[in-house]
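# Fold and geometry: a report
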Amino acid sequence: MLLLLGLCLGLPLCAGAHGQARSWGDTSEQVGLRVPRQVRLLQRLKTKPLLTEFAVKSTVISRYAFTTVSCRMLNRASGEQQVEFQMQIPAAAFITNFTMLIGDKVYQGEITEREKKNGNRVKEKRNKTAEDNGEKGTEVFRASLAIPSKDKAAFFLSYEELLQRRLGKYEHVVSVRPQQLAGRLSVEVNILEPSGIAALQVLPLHNRRQKGGGRAEDDSGPPPSTVINQNKTFANIVFKPSVVQQAKIAQNGILGDFIIRYDVNRGKTIGDIQVLNGYFVHYFAPKDLPPLPKNVVFVLDSSASMVGTKLRQTKDALFTILHDLRPQDRFSIIGFSNRIKVWKDHLIPVTPDNIRDGKVYIHHMSPSGGTDINGALQRAIALLGDYVAREDMEARSVSLVVFLTDGKPTVGETHTLTILNNTRAAARGRVCIFTVGIGDDVDFRLLEKLSLENCGLTRRVREEEDAGAQLIGFYDEIRTPLLSDIRVDYPASAVEQATKTLFPNYFNGSEIVVAGKLVDRQLDQLHVEVTASNSKKFVILKTDVPVGPQAAGGHPAGSPGPRGDGGAEDPNPLERLWSYLTVKELLSSWLQSNDGREKEQLRQRAQALAVSRRFLMPFTAMRLRRPGLPSGSLEEAHGGVLAAAGPQPVLQSLRGAGTPPESALEKPYEPRIKISKTSVDGDPHFVVDFPASKLTVCFNIDGQPGDILRLVSDHLDSGVTVNGELIGAPAPPNGHKKQRTYFGTITILVNKPERSYLEVTPHRVILDGGDRLVLPCNRSAVVGNRGLEVSVSANANVTVTIQGSVAFVILIHLYKKPAPFQRNHLGFYISGSGGLSGNCHGLLGQFLNQEAELTEEPGGLGGNRTRPPPSQAAEPSEAVLEVKGRRVPVVWKQRRIYNGEEQVDCWFARNSAAKLIDGEYRDYLASHPFDTEMALGRGAPGGL
C-alpha cells in the first residue's frame, strides 16, 4: 500500500484516480471495435473513485475555532485505484489530527518530535512563497493512498486556529473544494460567544483563483441551502447543498471558501476577560477613541519586474490611500529599483496640494532596474527618524513604513540576515514596518521577518484583477491607530506564564489578546491594569474581574471544550487558546533570535508544548500508526471506527492511567436490557412510571423540527444533563397531525467527577472525554473510563452507565425501506435513576422523585389502578390525576414501547401535558444540544 502525505503549498488541486480507462486499441486500424461515447464515459466514471461524503464541522468558542474535515470515497473499479485527499487550511492554523481508514484498517496520526529523517510522516513546508493554486493565507494538506477494489476509504483532518479581528470583524473561512461533486456535502459551523454575537454575516462562496470555480447563484447573500439559527450568544450555520446545487455552483467540485464574519458585543473599555479551570484570556479592543497622528512613508518597488498590471494596480491603490490620509498625518513617498528615488527628503503635511503632487509623482514612476530592498528601507526609516527627532511634539504619533515589493533583493545588500539586522538596528523599535508581497516571485519569508521583527504585519497580494482592492483593504487595517505603547499588567502573585503583554500599537478594528494561567484556581478576583498612550493623554485603565467558580460560559453542540476540571489531559478551550498563542510566540521569538543557544532553547520549549497539545508545527511531525497491533489493542477492538467532527484525535483509548487495556475490548451483550417504563420514544411519546402508586402516565410533546428538548436536568447536583433534538417528517395520509417529529440526536453531558460529552445518533456515538472516541452504531463495543461506561449493541441500542448509579438506554430505530413519514430515530429510556438528585428536572426528570394519585377514579376501577374494568375498556376512560398538588384530567390509553415489544397501559394527559409538567413545553427548549440550564429551576443559565 502506498501512503503519501504532505502539508505544502503550490500543489495542483486535483483528486481522484490517476489510472486511466481501459485501452480499446487503435481505432484507426480497428474501426469495428469503436465504442460509443456514452459507454466510454461510463467506463471512465467507473474507474474514478466516487466521493460519497464531504463534511466539515467547525466549533468556535470565544474566537478559538476547532475544525474537522471528513471525506469518504468508494473505489468502484475492479482493480486497486489511487486516490488523493486535499484540504486548504488557514496558514495560521495548527493541524491536531489526521486519520485514514482503508476498508477496516485504521491509520491513526500521532504528533511526535520532528527528527531529521521523517520516514513515513506528514511533511510540512512553511515557506509561503510561490504557489499557483493556493489561496491567500492558506496552506494545502495532501494525502495519497491506494484503495483496493470495491473498497472504501475515509479521511479525517482536524485543525485549530484563533480568529483574528480585522476591520472590526472576525472571519472564519472553510475551504469547500472536494474536487468532485459529493453525494453528501455539508458544512456546519457553531459559534459560541459568551459576551454576545453581533453583526453575523455569511458571505457568498469565494473562489476567484480557480477556473470553473464557485460562484453562488446570488452574490448578495449566503450560498444556496444555507440555514442560519442564532440567539444572543450562540449561532448555528449549516451549508448543505444537494448535488444539483453543487453542480450549479461548480461542476468540478471546487466550490470555494465558505466565509462567516461576525463581531461580539463589547462592554468595558478594559476589555473582555474570561476565566475557566485555571486559565484566562483577555480580549482588549477599545473603541470611541480619537485617532493618533500617523507618520507614514510609502515605499514602492519600481523595478523592471513590476511592469504591467502589478505596477498599474499598485499605483491605483496608492491614489486611493493618499486620499484617506488625515490632516494631522505626515507622509512621504519612495520609489526604488537599483536606485532609491525619494519624492521629498522630509515628511510633509497632508494638504490637497501635497496629495495631488504625490499622485503625480507616483503616476510618473516607470519600471526599470533591479531591487534594492535594504537601501529603500534604510532611507524610509531615516526619513521618519529625522522627522521625529526634529519635531518637538507634545502629541504622540505612530511612525509606519508601508513597503510594497514583488521580488527578492538583487541590488545592494542581498544577504537576508544582513538586511534584517540593518533594518532592526535602524528602526530600534520606534518604527513599525508593514510589508506587502505582490505576486508569486516575492521573497515572502524575508517580508514576514521584516514585519515580525519590527512590530508590523505582512500580507500577500495576488496578481489578480482586484489586487488594488487587496492593498486598500490591508491599509484599512492600519489606517486608524488609536493607542501606542500598550502594556497589560496582572499581579505576578496571581498570574503565571502569560503570553505577550507589551504592544507597540493598537489599530481600530483589531484586537489584542493575552492569555495565561492562574496561580491559584480558588482566586476570587483578578486585578487587570492597562496603560497606553493616546494622542496627548496617558491612559490608565484598571478593574477587578470576578473569577467565581467559572466565568467562560457554556459550550455548544459538538463542542471540543472542557473535558474535565483542567490539567494537561483534559484541556478546555481557554487552555487550548493559551497553548496556541504560546507556541506562536515561541516560534516568533525563534525566528527573530540570532543566538544559537537561545534558538535551541526556544525550539525545545515550543516543541515540548506542541507535542503535549498535539499541534503540527515546524518542530513536530505526524506519524501514522499502522494497524495490526497486538491482540487486545484499541485498533483491533474497534476495527474501522469512523471518526467524526472534533479537534481531538479519534480512536484514542478512554482508559485512565490505572485502567487495563481490556476496558476497551468488546464484551458479550444481553439481547434484552431491563429498563423502567419512564421513557420517550416515537413521535415522541413520553411515558412516566410512578411505581409506588402503581400508576403510569403518558403525554405527547408536539415540538418543531430542530427543537432541542431538555429531558433530564441535574447539572448542579449529580452533574448529569440529557437533551434531545427533534427531526421532522411528513404525517401519514389521513392523519390528524401536519407532521411527525422524532429524536434524531440524544446528547448527554456528565460533569462529575470529570466532564464528558456524549452525542448519540442512529449511526454513531461520539464520546468526548479525556480523548475523543467515535463508535459506529453498526458494531458492538464497550468503552469506559472516569465513571462512565458506554455499551453499543450493533444496530440495536446504546447503554450509558454513570458512576454505576445512573443508567440510560437509547434505542436505535432504523428502516431499510422507510415510508415518507418514517425517519431513522432514537428512543430514550431511563434504566436507573438512583444517582439523580431530588432537584432533578426536565420533561422526564421532574417526575423521578414524585408520586401521583388518581383522585377521581372511573367507576368500577376499585383497587386496580393500572387497568380499567373490561366494560369500560372499549371506550375512553377518564379520571383526574393529582401530581405535585395539581389536578390533571387524564384519559386511559395503551402504548407500545421498547421498539413495540412491550405494551404499556397509561393515563394520558392531553394538550402537550398542560398542568402535568411545570410550566409549558416551550420552557424546556434548550439553546444548543449541550445546554445545561435547568428548566424552571436552579441552573447555570445557558452554560455548562
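If you're wondering where the values come from, they're calculated on a predicted model, not measured in any experiment.

Let's shift gears to the overall build of the protein chain. A count of helices and strands for the protein chain gives 13 helices and 50 strands. Scored against the burial criterion, the 944 residues of the protein chain give a buried share of 56%. Pairs at least 24 apart in sequence give 70% of the contacts found in the protein chain among residues at least 6 apart. Surface accessibility of the protein chain: about 38,700 Å² in total, with carbon and sulfur atoms responsible for 49%.

So, on to the sheet that holds strand β28 (residues 502-507). One open sheet accounts for four strands, arranged β28-β26-β30-β31; its pairing is antiparallel. Looking along the sheet, the strands with just one partner apiece sit at the ends: β28 and β31 (537-546). The average undirected angle you get between the axes of adjacent strands in this sheet is 25°.

Attention shifts here to the environment of serine 833. Along the chain, the position of serine 833 falls in strand β46 (residues 825-833). The class for serine 833 is partly exposed, based on a relative accessible area of 27%. If sequence neighbours within four positions are ignored, serine 833 has contacts with Ser805 and Leu848.

All told, the structure shown has 29 salt bridges when counted by the stated rule. Among the ionic pairs, aspartate 272 bridges to arginine 63, the shortest N-O distance being 3.7 Å. Taken together, the residues aspartate 272 in strand β17 (residues 272-276) and arginine 63 in the loop between β2 (50-61) and β3 (64-74) connect sequence positions 209 residues apart. Put simply, aspartate 353 and arginine 356 hold a salt bridge, and the shortest N to O gap is 3.2 Å. One end of the pair is aspartate 353 and the other is arginine 356, both in helix α4 (residues 352-363) and three residues apart, which spans about a single turn. With a relative accessible area of 44%, aspartate 353 lands in the partly exposed category. For arginine 356, a relative accessible area of 47% translates into the label partly exposed.

In this section: the state of the cysteines. Under the definition given, this model contains two disulfides. With a sulfur-sulfur separation of 2.0 Å, cysteine 432 is cross-linked through a disulfide to cysteine 455. Between cysteine 432 and cysteine 455, the S-S dihedral sits near -105°, and the bridge is therefore left-handed. Of the two residues, cysteine 432 is situated in strand β24 (residues 432-438) and cysteine 455 in the loop between α7 (444-453) and β25 (458-461); the sequence distance between them amounts to 23 residues. Of the residues examined, cysteine 432 reaches a relative accessible area of 3% and is grouped as buried.

The buried fraction of β46 amounts to seven of the nine residues, a majority that puts the element mostly inside the structure. Looking at chain direction, strand β33 (residues 679-681) and β46 are connected through two bridges and run antiparallel. Looking at the pairing, serine 679 lines up with tyrosine 829 of β46. As paired strands, strand β45 (residues 806-813) and β46 are joined by eight bridges and run antiparallel to one another. Each residue of the ladder has a partner; that of histidine 813, found in β46, is histidine 825.

With that settled, the discussion passes to the packing of helix α3 (residues 309-324) against α4. Their axes nearest at 10 Å, the elements α3 and α4 cross at an angle of 170°. Comparing the axis directions of α3 and α4 gives the class roughly antiparallel. Between α3 and α4, the contacting residues are Lys315, Leu318, Phe319, Leu322 and His323 on the first element and Ile355, Gly358, Lys359, Ile362 and His363 on the second. Here the residues of the contact of α3 with α4 are counted per class, giving five nonpolar, three polar and two charged.

On to the nonpolar core. Across soluble globular proteins, you tend to see nonpolar side chains buried next to one another. Of all hydrophobic cores here, the largest spans 59 residues; its most connected members are Phe686, Phe699, Leu711, Ile748, Phe828 and Leu916. Ignoring anything within four residues of it in the chain, the contact list for isoleucine 748 reads Thr721, Val722, Ser756, Tyr757, Leu758, Val800, Ile802, Phe808, Ile810 and Phe930.

This part is about the side chain of threonine 314. Inspection of the secondary structure assignment puts threonine 314 in helix α3. Looking at threonine 314, its side chain comes within polar contact range of the main-chain oxygen of lysine 310, at 2.7 Å. Sequence-distant contacts of threonine 314, that is, excluding residues within four places in its chain, are made with Leu300, Met306, Leu404, Ile438 and Leu471.

With twelve residues, helix α6 (residues 416-427) should cover 16 Å at 1.5 Å per step; its first-to-last C-alpha distance of 17 Å lies within 8% of that length. Within α6, the full set of buried residues consists of Ile419, Leu420, Thr423 and Ala427. The buried residues of α6 all sit within an arc of 95° when viewed along its axis, so they share a single face. Contacts made by the buried residues of α6 are with α5 (373-390), β24 and α7. Once α6 ends, the next one or two residues include arginine 428, with phi positive near 50°.

Strand order in the open sheet formed by four strands is β17-β18-β29-β27, with antiparallel pairing between adjacent strands. This sheet does not close on itself; its edge strands, each paired only once, are β17 and β27 (495-496). Relative to strand β29 (residues 512-518), β27 is paired through two bridges, and the arrangement is antiparallel. Its bridge partner being in β29, valine 495 is matched across the sheet by leucine 518.

Summarising the element assignment, leucine 203 is placed in the loop between β13 (197-202) and β14 (226-230). The spatial distance from the C-alpha of leucine 203 to the C-alpha of phenylalanine 258 is 7.2 Å, given a sequence separation of 55 residues. When sequence neighbours within four positions are dropped, the list of residues in contact with leucine 203 reads Gly221, Pro222, Pro223, Ile259 and Arg261.

For strand β44 (residues 797-802), a buried count of five out of six residues is recorded, marking the element as mostly surrounded by other parts of the structure. Across six bridges, the pairing between strand β43 (residues 788-793) and β44 is antiparallel. Note that in β44 the partner of leucine 788 across the bridge is isoleucine 802. Where β43 folds back onto β44 in an antiparallel hairpin, the turn is made up of three residues, including asparagine 795, whose phi is positive at roughly 55°. Bridge analysis of β44 against β45 gives six bridges, and the strand direction is antiparallel. From the neighbouring strand, valine 798 faces β45, where its bridge partner is isoleucine 810.

Let us now look at unusual backbone geometry. The phi dihedral of lysine 150 falls on the positive side, at around 60°, and the residue is not glycine. Using a relative accessible area of 56% as the deciding quantity, one classes lysine 150 as exposed. Located in the positive-phi region is asparagine 795, a residue other than glycine, with phi close to 55°. Judged by its relative accessible area of 42%, asparagine 795 falls in the partly exposed class.

Once that is clear, we can look at the packing of helix α9 (residues 573-592) against helix α10 (residues 596-613). It is at 9 Å that the axes of α9 and α10 come closest, and there the two elements cross at 155°. Viewed along their axes, α9 and α10 adopt a mutual orientation that is roughly antiparallel. For the pair α9 and α10, the crossing hand works out as left-handed. Contacts between α9 and α10 involve Glu575, Arg576, Trp578, Ser579, Thr582, Val583, Leu586, Ser589, Trp590 and Leu591 from the former and Lys599, Leu602, Arg603, Arg605, Ala606, Leu609, Ala610 and Arg613 from the latter. Considering only residue class, the contact of α9 with α10 consists of nine nonpolar, three polar and six charged.

The first and last C-alpha atoms of α4 sit 17 Å apart over twelve residues, in line with the 16 Å expected at 1.5 Å per residue. Where α4 is buried, its residues touch α3, β20 (330-336) and β22 (348-349).

Rules and cut-offs
Residues numbered from 1 in each chain as written. Predicted model: local features only at pLDDT ≥ 70, side-chain atom pairs only at ≥ 80, totals over all residues. Heavy atoms only, no water. Helix = DSSP H or I, 4+ residues; strand = E, 2+ residues; numbered from the N terminus. Buried < 20%, exposed > 50% of the residue type's maximum accessible area, 1.4 Å probe, protein only. Contact = heavy atoms within 4.5 Å. Areas by Shrake-Rupley, 256 points an atom, 1.4 Å probe, with all protein chains shown as cover. Pairing = 2+ DSSP bridges. Axes fitted to C-alpha atoms, helices over the stretch in contact; angles between N-to-C directions. Salt bridge = Lys/Arg side-chain N within 4 Å of Asp/Glu carboxyl O. Disulfide = S-S within 2.5 Å. Parallel < 35°, antiparallel > 145°, perpendicular 65-115°, else oblique. Nonpolar A, V, L, I, M, F, W, Y, C, P; charged D, E, K, R; others polar. Core = buried A, V, L, I, M, F, W, Y, C linked by side-chain atoms within 4.5 Å. Polar contact = N/O pair within 3.5 Å; in protein donor to acceptor, adjacent residues only side chain to side chain. Expected span 1.5 Å × (residues − 1). Arc of directions from axis to C-beta. Left-handed = near helix turned anticlockwise from the far one by under 90°.

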